[in-house]
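Chain residues, written in single-letter form:
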Amino acid sequence: MSVSAARINLDAIRANVSALDSRAGTAQVMAVVKADGYGHGTLPAARAALDGGATWLGVAMADEALELRAAGIDAPTLAWLLGPNDDWAAVARADVDLSVNAGWALDRVVAAARGLGRPVRIHLKVDTGLGRAGAQPHDWPALVDAAAKAQADGMVDVVGVWSHLAYADSPSHPTIEAQRLAFEAALEVVAATDLDPPLRHLANSAATLVLPATHYDLVRPGVAIYGLSPGPDVGTTADLGLIPAMTFTSQIALTKRVPGGHGVSYGHRYTTEEETTLALVPLGYADGVPRHLTNVGAVAVNGRRYPIAGSVCMDQFVLDVGDDPITAGDDVVLFGPGTSGEPTATDWADAMGTINYEIVTRVGARVPRIYEGER
Ligand SMILES: *Cc1c(COP(=O)(O)O)cnc(C)c1O
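In this report, we go over the structure that sits alongside the text. Residue positions are given per chain, counted from 1 along the sequence in the order it is written. pLDDT decides what is reported in this predicted model: residues at 70 or higher carry local features, side-chain atom pairs at 80 or more are listed and counted, and totals for whole chains, interfaces and linings draw on all residues regardless. Hydrogens and water are ignored here; the side-chain numbers use all heavy atoms of the structure.

## Observations concerning the packing of aromatic side chains
To keep things clear, this is the line we draw: Between rings of Phe, Tyr and Trp, where Trp is taken as its six-membered ring, a pair exists when centres lie within 6.5 Å; planes separated by under 30 degrees are stacked, by over 60 edge-to-face, and by other angles tilted. Put simply, DSSP marks the helices as runs of H or I at least four residues long and the strands as runs of E at least two long, and each gets a number from the N terminus on. Exposure categories follow from relative accessible area, calculated using a 1.4 Å probe and restricted to protein chains: below 20% of the type maximum is buried, above 50% is exposed, and the middle band is partly exposed. As a reminder, the over-ring test applies to NZ of lysine and CZ of arginine, requiring each to be within 6 Å of the ring centre and within 35 degrees of the ring normal.
Following the criterion strictly, the structure yields seven aromatic pairs and no others. Ring geometry for Phe 335 against Trp 348: centres 5.1 Å apart, planes inclined by 75 degrees, an arrangement best described as edge-to-face. Of the two residues, Phe 335 sits in strand β18 (residues 331-335) while Trp 348 sits in helix α11 (residues 345-352), which places them 13 residues apart along the sequence. Residue Phe 335 shares its accessibility class with Trp 348, and that shared class is buried. Taken together, Tyr 38, Tyr 226 and Tyr 357 form an aromatic cluster joined through their ring pairs. Stacked on the ring of Trp 162, the Lys or Arg Lys 125 has its end atom at 4.0 Å from the ring centre.

Here you go:
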C-alpha cells in the first residue's frame, strides 16, 4: 500500500453540488465528471454528485460514458466529444445522449438509430463565440433543418440545444452577453422548425455561480463540484461556499543533515544557505507534482509549510526544513482545503502560472484514491 494518497471527501462533493443546485434556481444540474472526475474518480464523484442533487452527468469521451453505464449508473448523461471513428452506436445503445456539432455527426447518429431500431437522443451544439466545438452560426440553419428532418423520420429526438462560454470566469466580460444573444438567435432558428427541445444549456461552474442569465434549463458545473473556485474574479472558495474535496498526502521518506552550500536535486537549482535538514517526499511529476513547482511550490509537514527545494523529479522532490525536528515517516500534506496550514490546489496553480483544474486533474494513476464519506 502506497504511503501517498489523494483523499477524496465525498461529503464535500455532495455539499458543493447542493450549493450549486441552490444557485441554479429552477435549472437542473448536470455534474461534469469527465477526466476521471477531474482526478477525483469518475464513479465515486458521479454517485456523490447525484446524492447532492445533480440530475444529469456530463462527460467528454465515449469511454467515460460507457464506464458510468457499466457501473450501473443510469442517470441521464450527455457525452460531447466523439469523433468520426468513435463508436456512436455503443454510446447510443447505452442510453447516453450525444452532442451533435455537424452534419457528419448527425449521419453517425442516424446510422446508430437504424441499427438500434429507435430514435437517439441528441443535443445540438452551436458555437456562440468560444471558437471550439459547436456549429458556426452560418452552418447552424442547415444542421437544424437536417436534425428536424431526422426527427420527423423517427431517427433522433432533439432534446437539447447548447453552447459554451469563453469568459465565464471574467463575469463582466462583454463576450458573455454577446454569446448569450448569439445563443438566443440560435434558439430562434430552432423555434422556426418543428423541433421543441426542452433543454437549453450554456453555463459552466463560473456561470452557474455568478451569471444567472445563462442558467436556462440546465447548468453544467465541473470544477466547482470538486470545491474549487473557477477563478479569482468569480470569488474565493470561501466566498462561494465551496469545500475542496481533494487532499493530497504522503509521508517523508528520508531526512538528513547537509552542510551549507550543498546543491539539491537535478541541476542543483537550489543550494543550501547553511547547515540544514533536507527531507525527501516520495512523489514527483509522474504523480502530478508539476515540475514547474521547482523552487516555487510549498507543501505542509506536521502542519507547517516548507518550500520545494530544487527540481521536482519524476518520483520525488526535496524540502529544506531547516532545523525543525522532522523525521522519516512524518505526515506531508501537499495540498488540501487549506484549513490546517497546507496550501490549496489554487495556491499551487498560482505559484506556477496555471489553473487549479490542471492541478487536481493531473494527480497520477500511481496515487491511490481513498474515499471518505462513502455511503
Ligand atoms: C468541462 C466542461 C464544463 C465544466 O466546466 P467547469 O469550468 O469545470 O465548470 C462544462 N461544459 C463543457 C462543454 C465542458 O467541456
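Okay, back to it.
## Comments concerning a negative patch on the surface
Let me state the cut-off plainly: Patches in this entry comprise residues that are over 30% relatively accessible and not in a salt bridge; like charges within 9 Å are linked, as are nonpolar side chains (Val, Leu, Ile, Met, Phe, Trp, Tyr) within 5 Å. Surface accessibility follows the Shrake-Rupley procedure with a 1.4 Å probe radius. Residue values consider only the protein chains on display as shielding. The working definition used for a salt bridge is a side-chain nitrogen of Lys or Arg within 4 Å of a carboxyl oxygen of Asp or Glu. Positive charges come from Lys and Arg, negative ones from Asp and Glu, while His and the chain ends are left out of the count. A charged residue contributes its charge at one atom only: NZ of Lys, CZ of Arg, CG of Asp or CD of Glu.
The grouping of Asp 36, Asp 63, Glu 67, Asp 86 and Asp 87 at the surface amounts to a negative patch. With respect to the helices and strands, Glu 67 occurs in helix α4 (residues 62-70).

## A short note on the sheet that holds strand β3 (residues 56-59)
Stated precisely, the cut-off is as follows: Two strands pair if DSSP finds at least two bridges between them. Here a residue-residue contact requires only that any non-hydrogen atoms of the pair lie within 4.5 Å. Axis lines are fitted to C-alpha atoms, over the contacting stretch for helices. Their N-to-C directions set the angle, which ranges from 0 to 180 degrees.
Judged by pairing direction, the barrel is parallel, and its eight strands sit side by side in the order β2-β3-β4-β5-β6-β7-β8-β9 before closing back on the first. As defined by bridge partners, strand β6 (residues 120-125) adjoins strand β7 (residues 156-162) across six bridges and the pair is classed as parallel. For Leu 124, the partnering residue across the bridge sits in β7 and is Val 161. Taken strand by strand, helix α6 (residues 103-116) contacts β5 (97-100), β6 and β7, and its axis lies near 170 degrees from that of β6.

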